[in-house]
Amino acid sequence: MATQQTRSLARFMMAPSVVLLFVWMIVPLVITLWFSFQQYNPLNPIRDGFVGFSNYALFYSNPAFLQSILNTLTLVISVLLITVIGGILLALLIDQPMWGQGIVRILVISPFFVMPPVAALVWKNMIMHPQYGVFADIARFFGAQPIDWFGQHPMTAIIIIVAWQWLPFATLILLTALQSLDGEQKEAAEMDGAGFISRFIYLTLPHMSRAITVVILIQTIFLLSVYAEILVTTNGGPGYASTNLPFLVYQKALLEFKIGQASAGGVIAVILANIVAFFAMRAVGKNLDK
Amino acid sequence: MARAVTTQHKTIATVAAWIVALLIFFPILYTIITSFKSEQEAIQGFALIPSGTFESYTEVQAQSGYFKFFFNSVLLSVGSTVLALLVAIPAAWSMAFSPTKRTKDILMWMLSTKMMPAVAVLFPIYLIFRDTGLLDSRIGLMVMLMLINLPIVVWMLYTYFREIPGEILEAARMDGASLWNEIIYVLTPMAVPGIASTMLLNIILAWNEAFWTIRLTTTEAAPLTAFISSFSSPQGLFWAKLSAASTLAIAPILIMGWFSQKQLVRGLTFGAVK
């Protein structure tokens, strides 16, 4: 029943958000695209000019490039696997009747509120430090050699830190979904003789599917752009062993001032994010229609 | 018929859940414990009982001026949230109460802007900030954080507003309420809880944002994220101080977070999981 008047009022009310987001999305992106075809170094402005696709070629021929894409995907997929599977198990556990459930929830959700630099520093110095860390203490207690996490297994170390940050998120959301499951349905299934496993596969899991989709979508958005955790712990190293795409672009742009190459990397990051987003948004859009 | 829960089952669940929960919470707990140790104690190996000194806290403030960063964090997170609400409330309002065929597309598009990797626009933003003198300014960063979180704010408000029944508006209108009265007396009271939870979640997100806040600041506008990152190598081995600084940086948001668990789920899933 929208009249002409209310419709134009609605448009007027939406304009600020839409315009702001549009400008924020388009203007910098166009500049990045433009720079990706330029030779530009703020420290050496003489050789500026259009260079076609050579930035992309340079970025591509950089051995760090493939490594960084691989690291980006490894990070996203490993953390998703750990947090979704761990989150389901943890949600099932916390959903059981127990004493002090409220406090357990609070303890489990806490890491999510820790800012990334703090999480990374605490893990780096107090937990994983090869000499003074808690892991090293535990290893020595059992008479084993402490592991030099950031020197020898930098990606594993970062995956552990990032998974620790996101496991609470997955758990909280899956737990919320679990708690909205109809108790009577569960009982009916139980009376029909369905065991725990079949109840889980045929009843609980389908019920949680929407929550799982949402968890995957939202985590993917954030995991594709992990930055502070790497900056604080390994600084991308040793070599490029723990450099992901965002970190490589940051290095090119603000440390080496190779703006053209950095922009080409940025464009590639956008394409990668779009491929992921395409599938994720479709899934969420479908799910939200229900 | 409630299922009878055996005490044994409950005991096992309790023990298992507490062990897992304490393991997950351990890094935070250990940080808090270490912050009350002296530097000497902090590197002497695993110990759960600190000597209870406050010396690290006073030193963190004395050496680095912790409260300036804290103040910036408060200003940036609250400021950007208020800005975002000002822009988002009208939009969410109109989408919830007079939806059109395109409303859903607009919402999805807004969400998609969130997918753009920040790093892809790092240099342009850096240039724009440099050339307009916004680098290391609180206003610039506030606008930046507002833009980053705007899609989430619009979405979240939209899901709350959509739950306000439209019939109430019609009833008020029939009773002769003007548009203004309608907004003040009928809608606002119903919208406040939703706006409050949106605000809470957004403050948490802005407080913890750790890309732009680190890259676009140096000293003046630097919030706690930048402060903590600067701790990474030179002072790496002063663990008691590091722990004290970390504890101070996370405590306010941790406590806020505990109180907002329910709203958090809803906000972070764009209303898809309640």
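Note that the structure is predicted; figures quoted are calculated from it, not measured.

Visitor: Can you explain the UniProt feature "transmembrane region" (unreviewed entry) in chain B? Please cite residues and give values.
Guide: Residue and element names in this part refer to chain B. When the UniProt feature table is mapped to this numbering, "transmembrane region" (unreviewed entry) covers residues 12-33, 69-94, 106-129, 141-161, 182-207 and 238-259. For residues 69-94, helix accounts for 100% and strand for 0%, while the C-alpha atoms at its two ends are 38 Å apart. The distance separating the terminal C-alpha atoms of residues 106-129 is 28 Å; by composition the span is 67% helix and 0% strand.

Visitor: Tell me what's going on with the interface of chain B and chain A, and back it up with residues and numbers.
Guide: When the parts of a complex come together, some accessible area is lost, and that lost area is often used as the size of the interface. Taken together, the 79 residues of chain B in the interface contact 81 residues of chain A. The element best represented in the side of chain B that touches chain A is helix H1 (residues 7-35) of chain B, accounting for 16 residues. The residue inventory of the side of chain B that touches chain A, partitioned by class, reads 59 nonpolar, 17 polar and three charged.

Visitor: Can you explain the confidence of the model for chain B? Please cite residues and give values.
Guide: Close reading of the predicted structure is inappropriate where its pLDDT is low. Mean pLDDT over chain B stands at 82; residues scoring 70 or higher make up 94%. We note a pTM of 0.86 for the whole complex and an ipTM of 0.84 for its interfaces.

Visitor: Just give me the short version of helix H8 (residues 166-174) of chain B, but keep the residues and values in it.
Guide: Counted residue by residue, H8(B) has zero buried out of nine residues, so it is predominantly exposed. The first or second residue beyond H8(B) is B:Gly176, which carries a positive phi of 90°.

Visitor: Give me the lowdown on the confidence of the model for chain A, citing residues and values where you can.
Guide: Mean pLDDT over chain A: 83, with 93% of residues reaching 70 or higher. The spread of mean pLDDT over the elements of chain A runs between helix H9 (residues 183-191) of chain A, the lowest at 74, and helix H3 (residues 63-94) of chain A, the highest at 92.

Visitor: Go over the nonpolar core with me, naming the residues and quoting the values.
Guide: Counting 163 residues, the largest nonpolar core has A:Val162, A:Ile173, A:Leu174 and B:Val154 as its most contacted members. Top element by residues in this core is helix H7 (residues 138-161) of chain B. It accounts for 17 residues. Leave out the neighbours within four places in its chain, and A:Val162 touches A:Leu75, A:Val79, A:Leu223, A:Val226 and A:Glu229.

Visitor: Describe the domain arrangement of chain B, with residues and values.
Guide: Residues and elements named next belong to chain B. If you check the domain split of chain B, you get domain 1 (7-55) and domain 2 (67-268). The gap between the C-alpha centroids of domain 1 and domain 2 is 32 Å. Between domain 1 and domain 2, the contact holds nine residues from the first and seven residues from the second. Of all the elements in the fold, those that place two or more residues in the side of domain 1 that touches domain 2 are H1 and helix H2 (39-42). Tallied by class, the residues present in the side of domain 1 that touches domain 2 amount to three nonpolar, four polar and two charged.

Conventions used here
Residue numbers run consecutively from 1 along every chain, following the written order of its sequence. Chain A is the first chain written and ligand 1 is the first ligand written, with later ones labelled in order. In keeping with the predicted nature of the model, local features appear solely for residues at pLDDT of at least 70, side-chain atom pairs appear and are counted solely at 80 or more, and the whole-chain, interface and lining totals rest on all residues. UniProt positions are given in the numbering used here, feature names are shortened, and annotations may be inferred rather than shown by experiment. Helical segments are the DSSP runs of H or I of at least four residues, strand segments are the runs of E of at least two, and each set is numbered from the N terminus. By definition, residues are in contact whenever their C-beta atoms, placed on the basis of the backbone, come within 7 Å of each other. Under the grouping applied here, Gly and all other residues not named as nonpolar or charged are polar, the nonpolar ones being Ala, Val, Leu, Ile, Met, Phe, Trp, Tyr, Cys and Pro and the charged ones Asp, Glu, Lys and Arg. pLDDT runs from 0 to 100 and stands for how confident the predictor is about each residue. Exposure criterion: with C-beta atoms placed from backbone coordinates, a residue whose C-beta has 20 or more other C-beta atoms within 10 Å is buried, one with 12 or fewer is exposed, and one in between is partly exposed. To define a nonpolar core, we join buried Ala, Val, Leu, Ile, Met, Phe, Trp, Tyr and Cys residues through C-beta atoms within 7 Å and take the resulting set. Domain delimitation in this document rests on an assignment produced automatically or drawn from a domain database.

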